[in-house]
Structures are given as structure tokens and as C-alpha cells.
Amino acid sequence: VPAPSVFPAWPRPGSGCSRGFLGVCSRWEEEKKEDGVKWMQLEHRGPYFVPPYEPLPEDVRFYYEGKPLKLSLATEEIATFYAKMLDHEYTSKEIFQNNFFHDWRKVLSLGKSSWMLISPRLCFSDGYRWWILQTAPKSKLKEEANKIQEEYGYCILDGHREKIGNFKTEPPGLFRGRGEHPKMGMLKKRIMPEDVIINCSRDSKIPEPPEGHKWKEVRFDNTVTWLASWTENIQNTLKYIMLNPSSKLKGEKDWQKYEVARRLKGVVHKIRAQYRKDWKSKEIKTRQRAVALYFIDKLALRAGNEKEEGETADTVGCCSLRVEHIQLHAQLDGQEHVVEFDFLGKDSIRYYNKVSVEKPVFQNLKLFMKNKDPTDDLFDQLTTNFLNKHLQHLMDGLTAKVFRTYNASITLQEQLKALTNPEDSVAGKLLSYNRANRAVAILCNHQRSIPKTFARSMQVLQEKIEAKKKQVEEAQEEVKKAEEEFKDTKDPKAKANVEKKQQLLKRLEEQLAKLNVQATDKEENKQIALGTSKLNYLDPRISVAWCKKFGIPIEKIYNKTQREKFAWAIAMAGEDFEF
């Protein structure tokens, strides 16, 4: 049975379905389950484990003070993790080196004084050169991947063969993190069957662990959608094996997420009126909640969750902001009541923004900061739980993330209306789409480091532009000559030649325009991560409707995997869809 690539028989726009897209396809009309029950049958093979480490050949060595260093199998494997990254900027960072050698020293069983000596005197270059040469042919890698996918990449869910998303355990290696993460370089340990909890149905065949091993636990919990889980050692967080984004359960969950955000559209004006009223409340706690909610709404800040001190990086959200994270300016850059934010957000990505706020917000912030030290909480009477309970009271299912999803989607829709010119070429319209998407990414603070290959790729693109300009200039000269020849002779053949040269010139000018658009798009997006918001915060029906309205092929916006993930939106949304 071939793996399903898209959801079958989705309802079409105008189909008259009163129960949303779940009401048409027979696959979705199966017996209704009790509240909280996700499935009745779940059977799978368990996760695919990374193969055991294979030792290096005898002639590949690591050196200490110029002499070959004999390492145990465990320490050699960890050394190869570092060797593979020698050409990466991570290994030049002091915090990365310190964390790596600290963890490696534990495996080597060396004291700190020995570690201080060993870290700068080791040579990993042999291991790096060997690794570079070990790349297998792509055809062989693909063949092996297909075989593993077929064996481990599918499950049976309520009688249907469903594709699994990430069916492999994470390989051991060195933690990288995003931004300037304080744990970069630490050792990510190998996941063993003894770390893994399996989830399946009672009447299914329980997956067999690898020979000589056993599972940590086997559960039969049909109120969750994960197939296996384990705790990783760096952040001490749970990792899950889940269904593929194109699966029935994932598609339904996505649709429900965006429907909740759409419901917010109907009440958001009341919520905004309420928090503005609460800015004048007699209770400081209510004022703090109102100002925090204003930031979550206006700036798409995350709420921020409590965490164990020292467990992760010093990252904060709205509720956990400290006095040191903001500065107040009565006037700045020609604007009044400016708040300057500077803090580390999720994944240690810096959030820096200067924003003009309403006067009552500015006055309240001054009050909240009064007589406090820089390290004191800005919203000292506010907790995430208190805020979330208030949000639930305002609208069922409302969270800070729903605000983020709503504001991201509504911003995309408004920007697309403002920026799209129906007369533009496909390339011009795609530039407008990316600019609209970039406005969302900036709102949500979705940043990335400038790619290492950016300068070179821009240089290559600029060379193509210069070459194409030369071709256009030559074509213009050819058109001019042909027109002069026709003017002198009035020969029909000369007229046909003029038309031929003009068509060539037009084609070359279109190609030049397309290259210029590519260069502009590339430059504008070099530090912006467009993918995060597109996949997680933007209702895909907005993009689908835009494509259908302006005749843009959907594959220009979503790749094959993304089209499978959003198959429900592609089938459902007509060109007149409004978020």
C-alpha cells in the first residue's frame, strides 16, 4: 500500500459543508470518539536508533603536543564530534570550547589541571580530513534512507496507514543551540532503548526493542498523539516521535488552531477596550496584567514561563521581564513615550526594539519600575498562570500564542492587500509576498545569522545581473540596427527581423528584472527567518487564497512537504477566503 501523500477527498469551497472540512470525507466521518480520545488503534515499530559508533582506522589519529593520542572508543567518538565541526564558527567561540572540554574531561576522567593543559594542545585535523572523505554516494544514501523509511516511517492509526514524522532518535553530538546559548558545545548523549517510553494500543503488537535491550516503559495512552518519547540531557526536556504533518490528526489540529485565532478576530476589540480600561485600575496587579497583555497583543511577545534557576539560558518572556530589560524615553527619534526593549527571548535570540506606546502604558511602566533594582521583576505581581486564567475568561481557548497567531495572520493578510500589484510579474508578486511575510517575521522576532555563503552567492548573482545587462544592451543595439534596416528597405523580411529582435529584447529584459528582484529579496531576507512564521503562525489559507487570486503556482510558496502539511488548506480555501 503506497504511503498517502495528501489527505483524500477534502471538501471544496462552496461545498455546503456545515461541519468544516471534517464533514465530507468518509475517512473523517468515522465513529465519534469520547472527549480527549485521539485514537482507538495505534501500532508501530518504535523509533529507529542511530547505529553504534564505528572506530576510526588505525592511521587516523588525534594528536597531543604533536604525539599520537590513544583514546578509548567512547572518548574517540566524542573527539570526532568536535573534529567534524572544525570549519564551523561554533568551535571558535570560547563558551563552546569550554563546554566541550568540560564534558569530554568527564569521559576522559581527567582532573581540571589536566584539562587546562589538554584543551589548547590537542589536534583534531586528522579526524576532520577523514570525515570529509567519508561521504557516501547520494544514490546509496537514498536507497538506505528509503529502506529505513519503509520499515520505521509508518504506523497504523485506526485502520489507516499513516506516515510518521521524525521516527529517528537524535544522534549523539555537540549541542549548538541558537544565538549565544550558554550550553553550546555540551555533549548530547546517545539515546538508548532504556531511555524511551513507547505508546501504542493494548491490542496492537508492541514494538520489539533492539536485541539485548528493553524499553523504559510501555504505555497505552490514547489521549495523546505521540508514539514514543524520551528526555534529552542538555535542556532536560521531553522529545517526541509524532505523526507526519500530513496526517489526519495533525491536519485537524492545525485547522483547529487557526479557527481559534479566527474567533479572536470577533472579540479582540472588546479585549483591547478592557485592557485599556484596566490601565487605570486601582489594583497594581490588574494594571500589570493589562500592560503585559498590551505588549503581547501589540508586539507579539511570548508570555514567558517559569523555569528552574540555572536550568536554561537567561531567557525571558513578557511576564518575566526585569527592570533592566527596558528603558523609558519621554522622547526619542522624534517619537513620544518610547520603550526600548533589550532581552534574550526564546532560543537565546536577542529581542531589541524601540516602540512608541500609549501614554497610560508609559506612565504605568514608570510606576512599576519605581524603587526597584535592575534585576527586580518589572511585573512583580504578575504570573503566567494568572495571565492565562484571565485570557481563558476572555475567550475559551485563548492564550498568548493565540494572540501571536492572530496578529501574525492578520498582518500577512493586510500586507498582501497593501503590497500586491495585480499588474506585476510572478517574480514581482513573489517579492511582495516575501515582504509581507518579512513584516510578520519581524513582528515575531524570527531572526537568523547571516548565512556563511551569503556574500559568495550575492557575488554570483551580481555577476549574472551584470552579464544579463550586457546582453540587454547588445539586444537593444540589434533592435536599433534592425529598425534602421527596415526603415531603409521596407522589406517584409526586415520587418519580421525587427519583431524577432524586439521579442528577444523583451525576454532578456524580463530575465534581468527577475534577477534584480531575486537580489533585492535575498538582501532583504539575509537576517530574517521567513520559514518559522510561515509554517507555525500564518493561516495557510491566506497564502492559498492569494495564490489562487493572482495566478501564482502554489509550489512557489510551499514546497512538496509543506503542500502535504497544508493539503487541507489548499483544498478548502478559495480566492475570496478572509482570515
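Before any of the text, the structure's been laid out above.
Bear in mind that the values here come from a model prediction, so they are computed numbers and not experimental data. (Residues numbered from 1 in each chain as written. Predicted model: local features only at pLDDT ≥ 70, side-chain atom pairs only at ≥ 80, totals over all residues. Heavy atoms only, no water.)

To continue, consider the packing of helix H10 (residues 400-419) against helix H11 (residues 426-443). Running from N to C, H10 and H11 point in directions that differ by 150 degrees, and their axes come no closer than 9 Å. It follows from the interaxial angle that H10 and H11 lie roughly antiparallel. Like other packed secondary-structure pairs, H10 and H11 cross with a definite hand, here right-handed. In this structure, H10 uses Asn407, Ala408, Thr411, Leu412, Gln415, Leu416 and Leu419 to contact H11, whose residues at the interface are Ser432, Tyr433, Arg435, Ala436, Asn437, Ala439, Val440 and Leu443. Its residues assigned to classes, the contact of H10 with H11 comprises 9 nonpolar, 5 polar and 1 charged. (Axes fitted to C-alpha atoms, helices over the stretch in contact; angles between N-to-C directions. Helix = DSSP H or I, 4+ residues; strand = E, 2+ residues; numbered from the N terminus. Parallel < 35°, antiparallel > 145°, perpendicular 65-115°, else oblique. Left-handed = near helix turned anticlockwise from the far one by under 90°. Contact = heavy atoms within 4.5 Å. Nonpolar A, V, L, I, M, F, W, Y, C, P; charged D, E, K, R; others polar.)

The next point concerns the packing of aromatic side chains. Counted under the stated rule, the structure contains 23 aromatic pairs. Ring geometry for tyrosine 90 and phenylalanine 96: centres 5.9 Å apart, planes at 45 degrees, overall tilted. Considered together, tyrosine 90 and phenylalanine 96 belong to a single accessibility category, that of buried residues. The interplanar angle of 85 degrees and the centroid separation of 5.3 Å between the aromatic rings of tryptophan 279 and tyrosine 294 together place this pair among those described as edge-to-face. Highlighted residues: tryptophan 279 in the loop between helix H6 (248-278) and helix H7 (284-299) and tyrosine 294 in helix H7, separated in sequence by 15 residues. With relative accessibility at 3%, the residue tryptophan 279 sits in the buried group. (Phe/Tyr/Trp six-rings, centres within 6.5 Å; stacked < 30°, edge-to-face > 60°. Buried < 20%, exposed > 50% of the residue type's maximum accessible area, 1.4 Å probe, protein only.)

On the surface, a cluster of negative charge is contributed by Glu483, Glu484, Glu485, Asp488 and Asp491. With respect to the secondary-structure elements, aspartate 488 resides in helix H12 (residues 454-489). Take aspartate 488: its relative accessible area is 68%, and that puts it in the exposed class. (Patch = residues over 30% accessible without salt bridge, like charges linked within 9 Å, V, L, I, M, F, W, Y side chains within 5 Å. Areas by Shrake-Rupley, 256 points an atom, 1.4 Å probe, with all protein chains shown as cover. Salt bridge = Lys/Arg side-chain N within 4 Å of Asp/Glu carboxyl O. Lys, Arg positive; Asp, Glu negative; His and termini not counted. Charge placed at Lys NZ, Arg CZ, Asp CG, Glu CD.)

A few words now on the sheet that holds strand E5 (residues 154-157). Pairing within the open sheet is antiparallel, and its 3 strands lie in the order E1-E5-E6. The sheet is open, and its two edges are formed by strand E1 (42-43) and strand E6 (160-163), each paired on a single side. Relative to E5, E1 runs antiparallel, the two being bridged by 2 bridges. Bridge pairing in E5 links leucine 42 to leucine 157. (Pairing = 2+ DSSP bridges.)

The next subject is a positive patch on the surface. Together, Lys38, Lys253, Arg302, Lys346 and Lys401 make up a region of like positive charge exposed at the surface. Within the secondary structure layout, lysine 401 lies in helix H10.

As a further point, take H10. When the terminal C-alpha atoms of H10 are compared, their 28 Å separation across 20 residues agrees well with the 28 Å that a helix rising 1.5 Å per residue should span. The element H10 is largely enclosed, with a buried count of 14 among its 20 residues. (Expected span 1.5 Å × (residues − 1).)

The subject of this paragraph is helix H8 (residues 359-369). The set of residues buried in H8 consists of Val361, Phe362, Asn364, Leu365, Phe368 and Met369. Around the axis of H8, the buried residues are gathered within 165 degrees of arc, so they sit on the same side. Each element contacted by the buried residues of H8 is listed here: H7, strand E13 (326-332) and strand E14 (335-344). The positive-phi residue at the C-terminal boundary of H8 is asparagine 371, with phi of around 60 degrees. (Arc of directions from axis to C-beta.)

Structurally, the position occupied by threonine 75 is in helix H1 (residues 73-83). Of note is the side chain of threonine 75, whose polar atom sits 2.9 Å from the side chain of serine 72. If near-sequence neighbours (up to four positions away) are discounted, threonine 75 is found in contact with Trp104, Val107 and Leu108. (Polar contact = N/O pair within 3.5 Å; in protein donor to acceptor, adjacent residues only side chain to side chain.)

Turning our attention to unusual backbone geometry. One can expect most non-glycine residues to show negative phi and most peptide bonds to be in trans. Despite not being glycine, asparagine 236 shows a phi value in the positive range, around 65 degrees. Within the fold, asparagine 236 resides in the loop between strand E11 (228-231) and strand E12 (238-241). For asparagine 236, a relative accessible area of 54% corresponds to the exposed category. Positioned with a positive phi, histidine 337 is a non-glycine residue whose angle comes to about 50 degrees. Of note, histidine 337 is situated in strand E14.

For the rest of this paragraph, the subject is the sheet that holds E14. Overall, antiparallel pairing links the 3 strands, which are arranged E13-E14-E15 in an open sheet. Each end of this open sheet is capped by a strand with a single partner; those strands are E13 and strand E15 (350-356). This sheet shows a mean twist of 15 degrees between the axes of neighbouring strands, independent of strand direction. With 7 bridges joining them, E14 and E15 adopt antiparallel strand pairing. Bridge assignment links phenylalanine 343 to a residue of E15, and that residue is tyrosine 351. Packed onto the sheet, H7 meets E14 and E15 and runs at close to 100 degrees relative to E15. Contacts between H8 and the sheet are confined to E13 and E14, with E13 contributing the most and set at about 135 degrees to the helix.

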